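The chain contents come next:
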Protein chains: 6
Amino acid sequence: MANFDIHQIVQSLHEARVGWRVAQRRNNDSSGREFPSRDALDGIVTTLKGVLFPMRLGPPDLRQESENFHVAHALDAALHALLGQVRLELKYSAGLSGRPTPNLEQDAISITRAFGASLPQIRSQLDTDVLAAYQGDPAARSVDEVLLCYPGALAMIHYRLAHRLYQLGLPLLARIIAELAHAATGIDIHPGAQIGTGFFIDHGTGVVIGETAVIGNNVRIYQAVTLGAKRFPTDADGKLEKGRARHPIVEDDVVIYAGATILGRIRLGRGAVIGGNVWLTHDVPAGAHISQAASREDSLSLANAGA
Amino acid sequence: MANFDIHQIVQSLHEARVGWRVAQRRNNDSSGREFPSRDALDGIVTTLKGVLFPMRLGPPDLRQESENFHVAHALDAALHALLGQVRLELKYSAGLSGRPTPNLEQDAISITRAFGASLPQIRSQLDTDVLAAYQGDPAARSVDEVLLCYPGALAMIHYRLAHRLYQLGLPLLARIIAELAHAATGIDIHPGAQIGTGFFIDHGTGVVIGETAVIGNNVRIYQAVTLGAKRFPTDADGKLEKGRARHPIVEDDVVIYAGATILGRIRLGRGAVIGGNVWLTHDVPAGAHISQAASREDSLSLANAGA
Amino acid sequence: MANFDIHQIVQSLHEARVGWRVAQRRNNDSSGREFPSRDALDGIVTTLKGVLFPMRLGPPDLRQESENFHVAHALDAALHALLGQVRLELKYSAGLSGRPTPNLEQDAISITRAFGASLPQIRSQLDTDVLAAYQGDPAARSVDEVLLCYPGALAMIHYRLAHRLYQLGLPLLARIIAELAHAATGIDIHPGAQIGTGFFIDHGTGVVIGETAVIGNNVRIYQAVTLGAKRFPTDADGKLEKGRARHPIVEDDVVIYAGATILGRIRLGRGAVIGGNVWLTHDVPAGAHISQAASREDSLSLANAGA
Amino acid sequence: MANFDIHQIVQSLHEARVGWRVAQRRNNDSSGREFPSRDALDGIVTTLKGVLFPMRLGPPDLRQESENFHVAHALDAALHALLGQVRLELKYSAGLSGRPTPNLEQDAISITRAFGASLPQIRSQLDTDVLAAYQGDPAARSVDEVLLCYPGALAMIHYRLAHRLYQLGLPLLARIIAELAHAATGIDIHPGAQIGTGFFIDHGTGVVIGETAVIGNNVRIYQAVTLGAKRFPTDADGKLEKGRARHPIVEDDVVIYAGATILGRIRLGRGAVIGGNVWLTHDVPAGAHISQAASREDSLSLANAGA
Amino acid sequence: MANFDIHQIVQSLHEARVGWRVAQRRNNDSSGREFPSRDALDGIVTTLKGVLFPMRLGPPDLRQESENFHVAHALDAALHALLGQVRLELKYSAGLSGRPTPNLEQDAISITRAFGASLPQIRSQLDTDVLAAYQGDPAARSVDEVLLCYPGALAMIHYRLAHRLYQLGLPLLARIIAELAHAATGIDIHPGAQIGTGFFIDHGTGVVIGETAVIGNNVRIYQAVTLGAKRFPTDADGKLEKGRARHPIVEDDVVIYAGATILGRIRLGRGAVIGGNVWLTHDVPAGAHISQAASREDSLSLANAGA
Amino acid sequence: MANFDIHQIVQSLHEARVGWRVAQRRNNDSSGREFPSRDALDGIVTTLKGVLFPMRLGPPDLRQESENFHVAHALDAALHALLGQVRLELKYSAGLSGRPTPNLEQDAISITRAFGASLPQIRSQLDTDVLAAYQGDPAARSVDEVLLCYPGALAMIHYRLAHRLYQLGLPLLARIIAELAHAATGIDIHPGAQIGTGFFIDHGTGVVIGETAVIGNNVRIYQAVTLGAKRFPTDADGKLEKGRARHPIVEDDVVIYAGATILGRIRLGRGAVIGGNVWLTHDVPAGAHISQAASREDSLSLANAGA
């Protein structure tokens, strides 16, 4: 006698899937897999890291004289692989919206081309992030150490690639790339956030940066900092309003110490310093130093820290 | 001359192991490896994900017309592999307790069979979790995005599988599966916790849910929320009492914002809203809104946040 | 027509690299890769885990009678692989400092030999950590469960190996090994920290322990605890002073509950208990119990929680 | 200075390819790879072996109770993968001939479906081959040994699959599958050959069976036997005539010993025995015994070269 | 609509298997896989090659100072893996014969232990084979080249290991190991053959050496040489007689050139030289030179077909 | 008790190795592995195949627009890997001869550079071989089929690469590459042989072409053809003379059918046709047709054994 009643379980699982698809109005006749692939994007990002930093994040036996050969080949492969994922998101997105996509193939190529053309600028931005970490952490012995060891550096590579895709109209690809970094570092930066140059996240575990956050240049934050939404406004039907600016604006040269929670569309003025564990829902003037004590003297109303 | 005195180190390590085994009263004569394997369970859970959601988490080239073939084959393989791990835990557990296990093989089959039979229900529960995330997060564009991108979805798949094994008397297998999700997401849900349908964890890093926590339906929590124990009671001999209910009860429709710490066997009434960073060790009535300000007006005694 | 202008992007990326190297005064003529490899160290640590705990973390089919054969072979392989990485750090470090290294090869061998000779002691220390977890957590059913499931155990294995390398003058190798554990567990222990025996970290996500922290024996901490620096003193030129003791001293038998933030070169006296979420920047006498309420009655000045 | 002048070699290789494509009238603009893949077919045949003989050639941990689950899943995967290769050959073939292929997709499905439907019959034919080897070789201890050890069995599995594809109008796929067996066994059976049931090839290295050979039931041959063409007739233009029957007909129950060379459209009558190293270009009557001596008009007695 | 009628094919294949099992009197109820595994033996032999020749066939980064560590570990692993395969053959063999096997486990250990104890002698024998090739082939530049490049060396390693297993009563394991070499080299040596020291096979493709062949010391043969049976005697029932000596005896110092076919229980006297393509079914006296001409009663002079 | 006496076997194997090294005058103190690696060369040749024929033998997803990027990268990687192997052979060779090698590194680079520069010519030669197969075999449907399916094509790619290395003074690397093809095809071409353009080997199993053979343009041979040495002359000391021309010269447009054995430094004149199984040790005039009959002075007509 067989140990397990496989047929019965398979049948019940089948019914569960059919039920779900009916409830979600999914087409049972569709074949194939229309969603971008997390594994494919993982491979693409890994290749792009080697394109951006060939001697540090490329293949271990690369020689400097061969950099351009490697970069050309890897870039070519990565862009074509990305093109496939771009097509999938455009098609998926069209399916959700029900709009026709007469130019899907040409759109996919244009978007991927634009992304590729951005890579040199992304490299330059990342150089400023690496330098900021090196200059901002007494423990950092070299820029190489930052690039290879610091989870914040990994998170920023993913963020800057993901943000570019987000700008180009590919929120799903962007989100998957961001979540790959989240899983590896515990740093959760929404790809919609806008972040200037020279951004440094130390330690990083538990950092959350929301979709509409705006961060200037040379900002430094520590572990468990949240730049979140204060509340989620709902429309007349009780549905959450989407796309509204709901996260903080952080101006140049601000420092935010570990565990601080900054909520809502407030503004931290240039050069402000926010102390550890501070709970903050109001604007802060330029140059101000906010400690936990100070912030606790406010009479706070309900503040929801979900980002 | 050899670079390293391998023989000497091997001998010293051998003595260290012997010392440990003597101190722990381990049998030096036993051969083989009696403990379940983390790698094996990782593979089993990966296969089960494809059994539960074949088109999203199964092999990338699966077609809908072939779902049932894949599910049957993968399920058969996963259950037989799990059976091997169940045997190991039962045998290991019997070894710890010193009780004979005359029916170990039959017990292992019965347990694995019961686990297999639960899978359709687990799938249906997970569908409610995915739907809750889609409806609760303005950023979620589709249920597919939730399933593929959200760390909370990954954590819940592991939790619901692990919880079933925990119920069936396999706490070690359950714990290993839960820790696999903890490592991947930073979300630490003890498999003994009881969680209703439609549970949504956003961002998730740093969430800790303790062994005796009870969570109702349609509950939503954010990153760094702790549902922990207030203190660990000891018995007359000073040893920790085990198995006592020591974690919160969270009723239906509660929302807990980021960083809130809820400790002890307290009850959060239906529909309560707990603000971010709130520190809470008392019951909360249904429908109440607790903000940080309010909770700080209490005079708190020692509260230990370990879960 | 080709889809992407690969040549143009390659050229721009090349210019970005050249610009960076000029700015960083990097030698464009150097060939090869002078930095230690994260992947190589991952493999070495994995092998060393099997050397330290052959029956639990070694190959799954190992038999007890074969332990010493496995340990000898794996140790030999791991030490030779480590030797290669030690060479790379010494060479890299010499390159940064500009000092000649006439004895680099002999130094590398001596250091690696000393590291190898430390392994039995490291095993014994880890045994105390495992035992502490087993005795300190009511949910732990066996020491095996601790070793295989607890992220704190993984973090301590990495820490104790990394700390030994740090002591031997290899801060980069040490850092990389520590970051491997950070990525897997969310526990960030700087390899420079000094930690006694019987150290137990429960849950662990978000724990940060700084470079100059000193921790006694039988200390227990929970998730999201920070042992950080209060501020970063700068020298006359405005540059951060390096190497100064700036993190807490934690004496024997202290317990620190989840989310507590302990900052600066303060001392927590023997047997002190620090409550959850406590914010602490002053010394604590032996045996004291500090709760959040108590600590909030202080009037705190600016406290920077970066570690 | 770079070691190698990569650019120059790349350019020269590029010119060589362009030259070839011009000479072969290949379209330089075509993108993609229109030819079936040897690696893909290797994978497909490996899967089909497990479909045909699940307990012997399927996955090593298969249990008999799970055979049908494995077979269904593997068959489904193999047929869909084969469908992709069938499309490629049809498209490639249409490109060579210049004929339009309005029904290519439907043709590919029909052909693959017909191939799938043949598998049970192929399994039954292979059973007769295995049995013939077991009965014909004193060294064979079991039918299992034949299936797992005998190169002749491997060659026949490939042949029977390839021959079916050849019949269905896919000579390239058939040829690739045949060459995979040729590489593994040294047995070169053209997929166009017609071979009855109960065919046994012992040792096998160097066996060559030509495209138009016809072999009856219960025939046995040894290593280095050639069933070849005597000459290649040319047409009026001096080009080789194609498709003409030019290889031997071997009737039921014939035995051909090692190294015999049988050439041309001759007929070996039922039950004939051809001695080792015999050179034969004439018909042989039923029941005749042909030794090397006879074929050379010497007076040697029958010498059978089977080992 | 699904492309393929998987259910129907699965059902027909199922019936084909059932039919075969009934015809072969196979027990349909048996679960598991009772036959030794070709893949497992491939891995075991690969490991044993590194045990026998650690610096040439062991892991590429092995250092001479570490040889014994590698050998001990690899040997331990290989013998335990082999023990598993020995059990399978003993169990399978008992199943075929229907005899009970009360001491199967102890027998398996004894046999494997005896095999392990033979390895040093096998290494010494292989050293003579390597030396013979080096001395007998003008093209061989070093003994290392022979060991690494010559298919004859590979075939002899497999043969000597397989022959020892054959002697120990494991004909199936022996056969599988021999066929692995046959597939890789085209050299087919039955593991039952007895071969002295210093045996050299040049080129080797197509060589066949039968089960009861006896070969002395310092014998040299070339490609496509057959040492075969002249005929297969049958008993009174018409069944092939098994185990009878039916292959040639080749005394010391004999040379046999390419393509020669030597059949039956004849004796080639010490130092005889057999020319290329010779067909031989009679004894040859010591020191004789047999050319094709002689064997054909022609007047050709000696022609040696070695390349 | 342990199953196996590993220590004893290890010790005996150690003694066997020491004995061998003493007998072979090997230095027991040397560390490392000075011999080229078969696996490394296998990888290098695989990469070079993709360099030579990127769209047919390169990565399966290559697009024509990306050919040059792939070729540049792969060529760069392959030449640097080859450089490492070249160093090993030069060093090994110097060790054998005892000559100092002051310029080893520069020699290695020069040789590898020269090899790289030959690749375009090798590609062009291989194009003629592929075309010859297509034109010479009625079964060949396209040049692509030849390149992907025909073992003769594989053998010629290896031969032409190996021959170039042989010319450049690297007989070991050449031999290893040739043996890789021998194992895969049963075709054994010594890399020292000289072969013109448009060479076609059909079927191929058992073909042996000796080191000093010289083959013109547009020659065609079939399976089991030997171009061998008639005898091995010895010098006054009885040692084999090396390097003497001892294999046939085959002029343009010759055809040699299956199983023919051509021995010694004889000359086959332009356009000669050698029948199947012919045994030939004399010169053949241009245009002659030699059948087995003729060579045996029988009256058989021409019989061509190609299949």
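Looking up chain A in an unreviewed UniProt entry gives the name Serine O-acetyltransferase protein, with the organism given as Herbaspirillum seropedicae.

This brings us to the overall build of chain A. Within chain A one finds nine helices and 14 strands. In chain A, once contacts between residues fewer than 6 apart in sequence are set aside, the share between residues at least 24 apart is 48%. For chain A, the accessible area works out to roughly 11100 Å², and carbon and sulfur atoms hold 50% of it.

Residue and element names in this part refer to chain A. Taken as a whole, chain A is organised into domain 1 (33-187) and domain 2 (206-293). If you average the C-alpha positions of domain 1 and of domain 2, the two centres end up 26 Å apart. Counting residues at the interface gives four residues for domain 1, matched by four residues for domain 2. At the boundary of domain 1 and domain 2, one finds zero salt bridges. Along the contact surface separating domain 1 from domain 2 lie two residue pairs in polar contact (both at pLDDT 80 or more). Per-class residue counts for the side of domain 1 that touches domain 2 are two nonpolar, two polar and no charged.

Looking now at the relation of the copies chain F and chain E. Relative to chain E, chain F is turned by 120 degrees and slid 0.0 Å along the rotation axis, the superposed coordinates differing by an RMSD of 0.1 Å. Taken together, these values place the two copies in the relation of a three-fold axis. Interface overlap between copies is the fraction of interface residues in one copy that are interface residues in the other; for chain F against chain E it is only 5%, indicating separate surfaces.

Mapping chain D onto chain E calls for a rotation angle of 120 degrees and an axial translation of 0.1 Å; the resulting RMSD is 0.1 Å. Taken as a fraction of all interface residues of chain D, those also at the interface in chain E reach only 4%, which identifies the copy contact as different-surface.

Looking now at the side chain of Ser118 of chain A. All names here are of chain A. Relative to the elements of secondary structure, Ser118 occurs in helix H5 (residues 104-136). Exposure remark for Ser118: the relative accessible area of 7% places this residue in the buried category. One polar contact links Ser118 to Arg164, side chain to side chain, over a distance of 2.4 Å.

Moving on: the pattern of salt bridges. According to the stated counting rule, one finds 78 salt bridges over all chains in the structure shown. Asp252 of chain C is paired through a salt bridge with Arg270 of chain C; the nearest N and O atoms lie 3.5 Å apart. Here Asp252 of chain C, found in the loop between strand E8 (249-250) and strand E9 (255-256), pairs with Arg270 of chain C, found in the loop between strand E11 (267-268) and strand E12 (273-274); they are 18 residues apart in sequence, far enough to count as distant. Residue classification places Arg270 of chain C among the partly exposed positions, given a relative accessible area of 48%. Taken together, the shared-partner salt bridges connect Arg17 and Arg21 of chain A together with Glu67 of chain B into one network.

Attention now moves to the packing of helix H4 (residues 67-97) of chain A against helix H8 (residues 171-185) of chain A. Pairs of packed helices are described in terms of their axes, by the angle between the two and the distance that separates them. Residues and elements named next belong to chain A. Where H4 meets H8, the axes come as close as 9 Å, and the angle between the chain directions of the two elements is 120 degrees. One element, H4, and the other, H8, form an angle in the oblique class. Packed against H4, whose contacting residues are Leu82, Gln85, Val86, Glu89 and Tyr92, the element H8 presents Pro171, Leu172 and Leu173 at the interface. Across the contact of H4 with H8, the residue classes break down as six nonpolar, one polar and one charged.

Another aspect to go through is helix H5 (residues 104-136) of chain B. Here H5 of chain B spans 45 Å end to end across 33 residues, near enough to the 48 Å set by a 1.5 Å rise per residue. In H5 of chain B, a bend of some 40 degrees at Leu119 of chain B exceeds every other bend along the element, and Pro120 of chain B, a proline, comes one to four places later.

Now for the sheet that holds strand E13 (residues 279-280) of chain F. Residue and element names in this part refer to chain F. Read across the sheet, five strands follow the order E1-E4-E7-E10-E13 without closing on themselves; strand pairing throughout is parallel. The sheet is open, and its two borders are formed by strand E1 (188-189) and E13, each paired with just one other strand. With two bridges joining them, strand E4 (residues 208-209) and strand E7 (residues 226-228) adopt parallel strand pairing. Residue pairing in the sheet places Val208 in a bridge with Thr226 of E7.

Bringing the interface of chain D and chain E into the picture now. Tallying the contact residues gives 67 residues for chain D and 61 residues for chain E. Together chain D and chain E conceal approximately 5200 Å² of surface at their shared face, both sides included; 57% is due to carbon and sulfur atoms. Between chain D and chain E we count three salt bridges in total. Here Glu67 of chain D makes a salt bridge to Arg17 of chain E, at a shortest N to O gap of 3.2 Å. Here chain D and chain E share 11 residue pairs in polar contact (both at pLDDT 80 or more) between them. Every element with two or more residues in the side of chain D that touches chain E is listed here: helix H2 (38-52), helix H3 (54-57), helix H4 (67-97), helix H5 (104-136), helix H6 (143-149) and helix H8 (171-185) of chain D. Looking at the side of chain D that touches chain E residue by residue, the classes come out as 35 nonpolar, 19 polar and 13 charged.

Another aspect to go through is the interface of chain F and chain E. At the junction of the two partners, chain F supplies 60 residues and chain E supplies 64 residues. Summed over both sides, the interface of chain F with chain E buries roughly 5200 Å², with 57% coming from carbon and sulfur. Taken together, the links from chain F to chain E amount to three salt bridges. Between Glu67 of chain E and Arg21 of chain F there is a salt bridge; the shortest N-O distance is 2.6 Å. In this assembly, chain F and chain E are joined by 11 residue pairs in polar contact (both at pLDDT 80 or more). Within the residue set of the side of chain F that touches chain E, elements represented by two or more residues are helix H1 (6-23), helix H4 (67-97), helix H8 (171-185), E7 and strand E10 (261-263) of chain F. Ranked by residues supplied to the side of chain F that touches chain E, first place goes to H1 of chain F with 10 residues. Its residues placed into classes, the side of chain F that touches chain E shows 24 nonpolar, 19 polar and 17 charged.

Here we come to the nonpolar core. Within the largest apolar cluster, 264 residues are counted, with the highest numbers of intra-cluster contacts made by Ile274 of chain D, Ile274 of chain E together with Ile274 of chain F. Not counting residues within four places of it along the chain, the set of residues in contact with Ile274 of chain D comprises Val255, Ile256, Tyr257, Ala260, Ile262, Leu268, Leu280, Val284 and Ile290 of chain D. Within the second largest apolar cluster, 263 residues are counted, among which are Val207 of chain A, Ile6 and Leu161 of chain B together with Phe4 of chain C.

Reading across from one edge, E2-E5-E8-E11 (chain C) is the order of the four strands in this open sheet, with parallel pairing throughout. On the outer flanks of this sheet lie strand E2 (194-195) and E11 of chain C, each paired with one strand and no other.

Look at Asn218 of chain E: it is not a glycine, yet its phi comes out positive at around 55 degrees. Among the secondary structure elements, Asn218 of chain E is positioned in the loop between strand E5 (214-215) and strand E6 (220-221). A residue is classified by how much of its surface remains accessible, and Asn218 of chain E, at 45% relative accessible area, is partly exposed. Positioned with a positive phi, Asp253 of chain F is a non-glycine residue whose angle comes to about 65 degrees. Mapped onto the elements, Asp253 of chain F comes out in the loop between strand E8 (249-250) and strand E9 (255-256).

Residue and element names in this part refer to chain D. Examined against the element boundaries, Lys49 turns out to sit in helix H2. Asp42 provides the closest opposite charge to the buried, unpaired Lys49, separated from it by 6.0 Å. Beyond its immediate sequence surroundings of up to four residues, Lys49 is in contact with Leu57, Leu154, Ile157 and His158.

A separate point is the environment of Arg17 of chain F. Relative to the elements of secondary structure, Arg17 of chain F occurs in helix H1. In this structure Arg17 of chain F touches Val51, Pro54, Glu67, Asn68, Val71 and Arg123 of chain E, once residues within four positions along its chain are discounted.

Before going further, it helps to spend a moment on the packing of aromatic side chains. All told, the structure shown has 18 aromatic pairs over all chains when counted by the stated rule. Ring centres of Phe35 of chain A and Tyr92 of chain A lie 4.8 Å apart, and the angle between their planes is 85 degrees; this geometry places the pair in the edge-to-face category. Of this pair, Phe35 of chain A sits in the loop between helix H1 (6-23) and helix H2 (38-52) while Tyr92 of chain A sits in helix H4, and the two are 57 residues apart along the sequence. For the pair Phe35 of chain A and Tyr92 of chain A, one class covers both residues: buried. Measuring from ring centre to ring centre gives 6.5 Å for Tyr150 of chain E and Phe200 of chain E, while their planes differ by 40 degrees; the resulting arrangement is tilted. With Tyr150 of chain E in the loop between helix H6 (143-149) and helix H7 (151-167) and Phe200 of chain E in strand E3 (residues 200-201), this pair connects stretches of sequence that are 50 residues apart.

Attention shifts here to helix H7 (residues 151-167) of chain D. Each turn of an α-helix holds 3.6 residues, which means side chains three or four residues apart point in the same direction. Residue and element names in this part refer to chain D. Taking 1.5 Å of rise per residue, 17 residues should cover 24 Å, and H7 covers 24 Å from first to last C-alpha, within 8% of that figure. When you tally the buried positions in H7, you get 13 out of 17 residues, the bulk of the element. Backbone geometry just downstream of H7 places Gly169 in the positive-phi region, at approximately 90 degrees.

It is worth spelling out the confidence of the model for chain A at this point. Residue and element names in this part refer to chain A. In this model, chain A carries an average pLDDT of 88, and 89% of its residues clear a pLDDT of 70 or more. Below pLDDT 50 for its whole length, residues 294-307 participates in 56 contacts with residues either more than four positions away or in separate chains. Complex prediction metrics read pTM 0.90 and ipTM 0.89.

Cut-off values and rules
- Residues numbered from 1 in each chain as written.
- Chains lettered and ligands numbered in written order.
- Predicted model: local features only at pLDDT ≥ 70, side-chain atom pairs only at ≥ 80, totals over all residues.
- Heavy atoms only, no water.
- Helix = DSSP H or I, 4+ residues; strand = E, 2+ residues; numbered from the N terminus.
- Contact = heavy atoms within 4.5 Å.
- Areas by Shrake-Rupley, 256 points an atom, 1.4 Å probe, with all protein chains shown as cover.
- Domains from an automatic or database assignment.
- Salt bridge = Lys/Arg side-chain N within 4 Å of Asp/Glu carboxyl O.
- Polar contact = N/O pair within 3.5 Å; in protein donor to acceptor, adjacent residues only side chain to side chain.
- Nonpolar A, V, L, I, M, F, W, Y, C, P; charged D, E, K, R; others polar.
- Least-squares fit on C-alpha atoms with pLDDT ≥ 70 in both.
- Buried < 20%, exposed > 50% of the residue type's maximum accessible area, 1.4 Å probe, protein only.
- Axes fitted to C-alpha atoms, helices over the stretch in contact; angles between N-to-C directions.
- Parallel < 35°, antiparallel > 145°, perpendicular 65-115°, else oblique.
- Expected span 1.5 Å × (residues − 1).
- Bend = angle between axes of the 7 residues up to and from the residue.
- Pairing = 2+ DSSP bridges.
- Buried area = accessible area lost by both parts, 1.4 Å probe.
- Core = buried A, V, L, I, M, F, W, Y, C linked by side-chain atoms within 4.5 Å.
- Lys, Arg positive; Asp, Glu negative; His and termini not counted.
- Phe/Tyr/Trp six-rings, centres within 6.5 Å; stacked < 30°, edge-to-face > 60°.
- pLDDT = per-residue confidence, 0-100.

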